Every structure is written in structure tokens, then in C-alpha cells.
Amino acid sequence: RAVLTVVTGANQGGKSTFLRSFGIAQVLMQCGMPVPAAKFCSGLYSRIHTHFTRKEDAMLSRGRLEEELKRMSGIISRMSKDSLLLLNESFASTTEKEGSQIAYDIIMPLYQKKIEVMMVTHLHEFAKRVYGEQRSDCEFLVAERKENGDRTFRMLRGKPHYSSYGTDLYQYMIGKL
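Let me sum up the structure you'll find in this document. (Residues numbered from 1 in each chain as written. Predicted model: local features only at pLDDT ≥ 70, side-chain atom pairs only at ≥ 80, totals over all residues. Heavy atoms only, no water.)

### Some points on helix H4 (residues 124–132)
Considered for burial, the residues of H4 that qualify are His124, Phe126, Ala127 and Val130. On an axial view of H4, the arc spanned by its buried residues comes to 160°, and they lie on one face. Across H4 from its buried face, at more than 90 degrees, point the exposed residues Lys128 and Gly132. Its buried side turned inward, H4 meets strand E1 (4–9), helix H3 (96–112), strand E4 (116–120) and strand E5 (138–145). Phi turns positive, to about 50°, at Gln134, one or two residues after H4. (Buried < 20%, exposed > 50% of the residue type's maximum accessible area, 1.4 Å probe, protein only. Helix = DSSP H or I, 4+ residues; strand = E, 2+ residues; numbered from the N terminus. Arc of directions from axis to C-beta. Contact = heavy atoms within 4.5 Å.)

### A word on the layout of surface pockets
Of the pockets and cavities examined, the largest pocket occupies roughly 760 Å³. What lines the largest pocket is a set of 27 residues, and nearest its centre among them are Phe18, Phe22, Phe40, Cys41 and Met118. Within the residue set of the lining of the largest pocket, elements represented by two or more residues are helix H1 (15–30), E4, E5 and strand E6 (151–157). Of all the elements, H1 adds the most residues to the lining of the largest pocket, at six residues. Of the residues that constitute the lining of the largest pocket, the class distribution is 19 nonpolar, three polar and five charged. In this structure, the second largest pocket encloses a volume near 240 Å³. Lining of the second largest pocket is provided by twelve residues; of these, Asn11, Gln12, Gly13, Lys15 and Ser16 occupy positions nearest its centre. Here the lining of the second largest pocket gets four residues from one element, more than from any other, and that element is H1. Grouping the constituent residues of the lining of the second largest pocket by class yields two nonpolar, seven polar and three charged. (1 Å grid on protein atoms, 1.4 Å probe; cavity = no way out; pocket = protein on both sides within 12 Å on 5 of 7 lines; lining within 4 Å. Points joined across faces, edges and corners; volume = space filled by probe spheres on them. Nonpolar A, V, L, I, M, F, W, Y, C, P; charged D, E, K, R; others polar.)

### A look at the pattern of salt bridges
Per the counting criterion, the structure on display carries five salt bridges. Of the charged contacts in the structure, one is a salt bridge between Glu67 and Arg71, with a shortest N-O distance of 2.5 Å. Taken together, the residues Glu67 and Arg71, both in helix H2 (residues 64–78) and four residues apart, mark about one turn of the helix. Taken individually, Glu67 and Arg71 each receive the classification buried, so the pair is uniform in this respect. A salt bridge links Glu144 to Arg154; the nearest nitrogen and oxygen atoms lie 3.9 Å apart. Within this pair, whereas Glu144 is found in strand E5, its partner Arg154 is found in strand E6, the two being separated by ten residues in sequence. (Salt bridge = Lys/Arg side-chain N within 4 Å of Asp/Glu carboxyl O.)

By themselves, these observations are geometric and do not establish any function.
Written as C-alpha cells, this is what we have:
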């Protein structure tokens, strides 16, 4: 079982839905309820934490990154050894380089303590760095994208993808280049 799972891939590929579905399935299983899946196998956690990006709030008295880090600090202070942390596009409110370094500095100490983390991210420097370390208890999933650009909404094991396929989204929303 992976201690750290990193999910990358195309925009609109189902990554965030996959993460939410996993979290819901985990809660249902822990409550002793049926899980709507062909197969679901997981451990039990005393605490399940989530850190999802929030929309910009004009009433915020601080910047988005500061707000993200404050929420993350609160989560970390409540964690126990048998916690699960689900991250969705965390630390994307800053540059790729800074976000990747922040993610690494926060996630790797959790990894070293064997706290399980599942992360959906476009922080490619982070994903590339962790993938390059070839840790046996890290898993990398990629949102499948066919050659013609179609998404299957399936997560496959594989090397992190370093493109969000923004031009696909542009063509869909605005038209052909």
C-alpha cells in the first residue's frame, strides 16, 4: 500500500472527481456501509483530512497562499499517525517552483512518519522530484488521455505527466488555433 499517491494529468481528466470519490468510499467503508465500487480495499484511519483549493474571496484579509498555509497548519496540528490526508491542487496559488518546494517540505515529513497522503496536482517539479527518488511506497497515477485528446476519466499507474494540455481546453472553449 502506498504511503504517498500522486495523481497528475490532463485538465478535465477526472483527477479531482477521483480524489473525492476515494474520500467518500473511504468514509462509507469506515462506517460499515456498502461502497459503490467493483472493488475497494483500504486501511482504517482515525482521522481523514482534506485540503482543497478555495475560490478567491474578496473578504479575505490575507492572500490565497497565506490562507492555504494557515489551513494546512491547522490540519497538521490535528493529525495523528493513522491519519489520511487528501490534497487537491494545494499550493497552486503561487509559482510552480515555490509551490513544488512548499509541497515537498510539507508532504515529505508526513511521508517519513508514514502518514498516508493522496495528492492531485499540477506541480510538476514536485511530482518529477518525488518520482525521481524512486521510493517503493509511492504510487503515481495519471489521468488517461487518448492520442486524439479524448479523456477516459480513468486513472492509470504511470510516470507523472508534465502537461495540463491547456491548448486542448483553449480549443474547446474558444475554437481552433
